[in-house]
Amino acid sequence: VKKVPGAWYSKMAVNYLKENLLDKIIDCSMSLDDLRRLDLPELMKYAKATAKREYEKAGDIGSKVHAAIEEYFKGKQIDLDSKPEIAVPFDAFLNWVNKNDLACALSEHVVYSKIGYAGTLDFIGTINGKKYLVDFKSSKGFWPEMPMQVAAYNYAHYEMTGEQMEGVGILRLDKETGMPEFKEVPFDKLGHYMDKFLTLLAYFELDHDKDIPKWPR
C-alpha cells in the first residue's frame, strides 16, 4: 500500500529545472546563445531522472531507518557510525521514545486483508498506556495518502486478529532537524480514509481487469 507521492516527485523535477535553467536566466549566467543551444527535451529527461534518483535515495534512507528501529525494538545495539545517513532521523525516533512511555508488541509486521491487499505495519504497542498502531515516516512532510495507509493497516490487522486499537497515528522523523512529529488520525475519520484507500484500490483492480474490492461497514 505504498506509492510515490506525485506532488513530491513533481517538485523534485521542478527544482532541477529551476536550478539548471530558470536561476541561470535570472542571474544572467546563461547567455542567449547558450539558451538557443539548449536541448530542452534532454533537460526534461535529466529532470525526471534526478527526481527518480532523489526518490530512490529517500526510499533507501527510509528503509534503513525502519530496519534500525526494528533492531532497536529487538534490543540490539544500533551502529550509527556505519550508517551516518540515518543518524538524524534515528535520533528523532529516540527523541520521541524518550518523551513517551513505550512498549512494542509488534514491529515490521505483515498484515493482509481478504479485500485484496497486504502491507507491513511499523508498530503496534502501547504509548502512555494506550494501544496504538503507528506508521513511521522519514519524509519532509505529511502527505495525503498517509492516513489512507494507516487506515488500511488498521482494518487489515482488525480483520486478522479482532484486536481494536485505541489510537492510530503517523510519526514523522525529520531527516534535517532530528525532531519527531506525531500526528494522530482521528478514529471517526478512519472509515473516510478507508473509503478513499478502497477507491484507489478499485481503480488499480479495474485497470488490471480484476474484481472491485468491497469492505463490510
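Our subject is the structure that appears above.
Please read all numbers here as calculations on a predicted model, not as lab measurements.

**Focus: the environment of Tyr117**
Note on placement: Tyr117 falls in strand E2 (residues 117-127). On a C-alpha basis, the gap between Tyr117 and Leu201 in space is 8.4 Å, while along the polypeptide they are 84 residues apart. In this structure the side chain of Tyr117 is engaged in a polar contact, spanning 2.6 Å, whose partner is the backbone oxygen of Ala152.

**Describing the packing of aromatic side chains**
Per the counting criterion, the structure on display carries 14 aromatic pairs. For the ring pair Phe93 and Trp96, a centre distance of 6.3 Å and an interplane angle of 45° mean the geometry is tilted. In this pair, Phe93 and Trp96 are both assigned in helix H4 (residues 87-98), three residues apart and thus about one turn of the helix distant. Accessibility expressed as a relative area gives 0% for Phe93, which makes it buried. Given a relative accessible area of 6%, Trp96 falls into the buried group. An angle of 80° between the planes, with centres 6.5 Å apart, marks the rings of Trp96 and Phe123 as edge-to-face.

**Quick notes on the side chain of Asp122**
One can find Asp122 in strand E2. One polar contact links the side chain of Asp122 to the main-chain amide nitrogen of Phe136, over a distance of 2.7 Å. When sequence neighbours within four positions are dropped, the list of residues in contact with Asp122 reads His66, Leu106, Ser107, Glu108, Val134, Asp135 and Phe136.

Criteria and thresholds
Residues numbered from 1 in each chain as written. Predicted model: local features only at pLDDT ≥ 70, side-chain atom pairs only at ≥ 80, totals over all residues. Heavy atoms only, no water. Helix = DSSP H or I, 4+ residues; strand = E, 2+ residues; numbered from the N terminus. Polar contact = N/O pair within 3.5 Å; in protein donor to acceptor, adjacent residues only side chain to side chain. Phe/Tyr/Trp six-rings, centres within 6.5 Å; stacked < 30°, edge-to-face > 60°. Buried < 20%, exposed > 50% of the residue type's maximum accessible area, 1.4 Å probe, protein only. Contact = heavy atoms within 4.5 Å.

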